Amino acid sequence: MGARLSNSRIVEAVKKNGGALYLAARELGCSPQTIYNRMKTSPAIQQAIENSRGEVVDYAEQKLRLAILNGEPWAIGMALKTIGKSRGYVERQEVT
């Protein structure tokens, strides 16, 4: 690749691709490692990746909530094993 990518172009591609760095790299015509390297020196790129991935997790949590409300046993179990862990919902406990 000839021209150096601007941070703003990288941020835009990261946001457009929901934090998926390999897809952003393909769109920009660079390697994913280029984005990882630039992320280390650019708070804006780092923040864009964090925000985009946070949105993806939010969407997944919304879908999990809907599955719980629909009575899906897998979703109920997953919620209890993760966010319900502090209430004692765990796979198993070992006493040593």
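Here, the structure is the one placed above.
Description of the structure in this document.

Definitions and cut-offs
- Residues numbered from 1 in each chain as written.
- Predicted model: local features only at pLDDT ≥ 70, side-chain atom pairs only at ≥ 80, totals over all residues.
- Heavy atoms only, no water.
- Buried < 20%, exposed > 50% of the residue type's maximum accessible area, 1.4 Å probe, protein only.
- Helix = DSSP H or I, 4+ residues; strand = E, 2+ residues; numbered from the N terminus.
- Arc of directions from axis to C-beta.
- Contact = heavy atoms within 4.5 Å.
- Axes fitted to C-alpha atoms, helices over the stretch in contact; angles between N-to-C directions.
- Parallel < 35°, antiparallel > 145°, perpendicular 65-115°, else oblique.
- Left-handed = near helix turned anticlockwise from the far one by under 90°.
- Nonpolar A, V, L, I, M, F, W, Y, C, P; charged D, E, K, R; others polar.

**Considering helix 1 (residues 7-16)**
Okay, step 1: Restricting attention to buried positions, one finds in helix 1 the residues Ile10, Val11, Ala13 and Val14. Down the axis of helix 1, the smallest arc covering the buried residues is 165°, so these residues share one side. Turned more than 90 degrees from where helix 1 packs its buried face, Ser8, Glu12, Lys15 and Lys16 sit exposed.
Okay, step 2: The inward-facing, buried residues of helix 1 contact helix 2 (21-28), helix 3 (32-41) and helix 4 (43-69).

**A word on the packing of helix 1 against helix 2**
Each pair of packed helices can be described by the angle between their axes along with the distance between the axes.
Okay, step 1: Helix 2 packs onto helix 1 with a crossing angle of 130° between their chain directions and a minimal axis gap of 8 Å. On the basis of the axis angle, helix 1 is oblique to helix 2. For the pair helix 1 and helix 2, the crossing hand works out as right-handed. Taking contact as the criterion, the partners of Arg9, Ile10, Ala13, Val14 and Lys16 in helix 1 are, on helix 2, Leu21, Ala24, Glu27 and Leu28.
Okay, step 2: Residue composition of the contact of helix 1 with helix 2, grouped by class: 6 nonpolar, no polar and 3 charged.

**A look at the packing of helix 3 against helix 4**
Okay, step 1: Between helix 3 and helix 4, the least distance of the axes is 6 Å, while the angle of their chain directions is 115°. Between helix 3 and helix 4, the crossing angle belongs to the class labelled roughly perpendicular. Counted together, Ile35, Tyr36, Arg38, Met39 and Thr41 of helix 3 and Pro43, Ile45, Gln46, Ile49 and Arg53 of helix 4 form the full contact between these two elements.
Okay, step 2: Within the contact of helix 3 with helix 4, the residues separate by chemical class into 6 nonpolar, 2 polar and 2 charged.

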